[in-house]
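Take a look at the letters that make up each chain.
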Amino acid sequence: MPNPKRQHSRQRQRKRRTHYKATMPKLGPCPQCRKPIISHRVCPFCGHYKGRPVVEIKIKEEKEKS
Ligand SMILES: [Zn+2]
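Throughout, residues of each chain are indexed from 1 in the direction in which the sequence is written. At least 70 in pLDDT is required for a residue's local features to be given in this predicted model, at least 80 for side-chain atom pairs to be given and counted, and no such filter applies to totals for whole chains, interfaces and linings, which use all residues. No hydrogens and no water enter the side-chain calculation; it runs on all heavy atoms of the structure.

S.K.: What's the story with unusual backbone geometry in this structure? I'm lost.
M.R.: Residues apart from glycine generally show negative phi values, whereas peptide bonds are mostly found in trans. Residues other than glycine seldom take positive phi values, yet histidine 40 does so here, at roughly 60°. The buried label applies to any residue whose accessible area, calculated with a 1.4 Å probe on protein chains only, is under 20% of its type's maximum; exposed applies above 50%, and partly exposed to all values in between. Since its relative accessible area comes to 70%, histidine 40 is described here as exposed. Within the chain, lysine 50 stands out as a residue other than glycine whose phi angle is a positive 55°. Put simply, DSSP H or I for four residues or longer makes a helix, DSSP E for two residues or longer makes a strand, and each gets a number counted from the N terminus. Among the structural elements, lysine 50 can be located in the loop between strand 3 (48–49) and strand 4 (52–53).

See below:
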């Protein structure tokens, strides 16, 4: 198998990687509470996944009271 003759310079490596961009996660409406959520994740607002409760959501009111 042919191998690269020498290591690419950092400049060349970085120039290539300028095309790698971070993309926004796909958002869709939660079927339970209709808020926009990341697809294929448990809803952070109501804790539902595929129409049934999976996680209990802790409310941040305790910190606000004290
Ligand atoms: Zn939800």
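Picking up after the structure, the text goes on.
S.K.: Could you clarify how one ought to interpret the confidence of the model for the protein chain in this entry?
M.R.: Any segment with low pLDDT has predicted coordinates that should not be analysed in fine detail. Across the protein chain, pLDDT averages 87, with 89% of residues at or above 70. The predictor's confidence in any single residue is recorded as pLDDT, a number from 0 to 100. When pLDDT is averaged over each element of the protein chain, helix 1 (residues 10–17) comes out on top at 96 and helix 2 (residues 61–65) at the bottom at 58.

S.K.: Hey, could you run me through a nonpolar patch on the surface in this one?
M.R.: Only residues whose relative accessible area exceeds 30% and that take part in no salt bridge are eligible for patches, with like-charged residues grouped when within 9 Å of each other and nonpolar side chains (Val, Leu, Ile, Met, Phe, Trp, Tyr) grouped when within 5 Å. Only the protein chains shown count as cover for residues, and all accessible areas are computed by the Shrake-Rupley method using a 1.4 Å probe. Salt bridges are counted wherever a side-chain nitrogen of Lys or Arg sits within 4 Å of a carboxyl oxygen of Asp or Glu. A cluster of nonpolar side chains, namely Met24, Leu27 and Ile38, defines an oily patch on the protein surface of about 320 Å² accessible area. Of note, methionine 24 is situated in the loop between helix 1 and strand 1 (27–29).

S.K.: Would you take a moment to explain the coordination of the zinc ion for this structure?
M.R.: Where a metal carries four tetrahedral donors, each ideal angle is 109.5 degrees; where it carries six octahedral donors, the ideal angles are 90 or 180 degrees. Here a donor is any nitrogen, oxygen or sulfur atom (N, O, S) within 2.8 Å of the metal, with 3.2 Å used for Na, K and Ca; water is not among the atoms considered, so some sites may look incomplete. Protein ligation of the zinc ion involves Cys30 (SG), Cys33 (SG), Cys43 (SG) and Cys46 (SG), the donor distances falling in the range 2.2 to 2.3 Å. Under this scheme a four-donor centre is tetrahedral when all angles range from 85 to 135 degrees, a four-donor centre is square planar and a six-donor centre octahedral when opposite donors are above 155 degrees with the rest from 65 to 115, and any other centre is irregular. Coordination geometry of the zinc ion: the four donor atoms subtend angles of 104 to 116° at the metal centre, consistent with an arrangement described as tetrahedral. Mapped onto the polypeptide sequence, the residues donating to the zinc ion form the spacing pattern C-x2-C-x9-C-x2-C. Of this pair, cysteine 33 sits in the loop between strand 1 and strand 2 (36–38) while cysteine 43 is found in the loop between strand 2 and strand 3, placing the two residues ten residues apart along the sequence. By relative accessible area, which is 1% here, cysteine 43 ends up buried.

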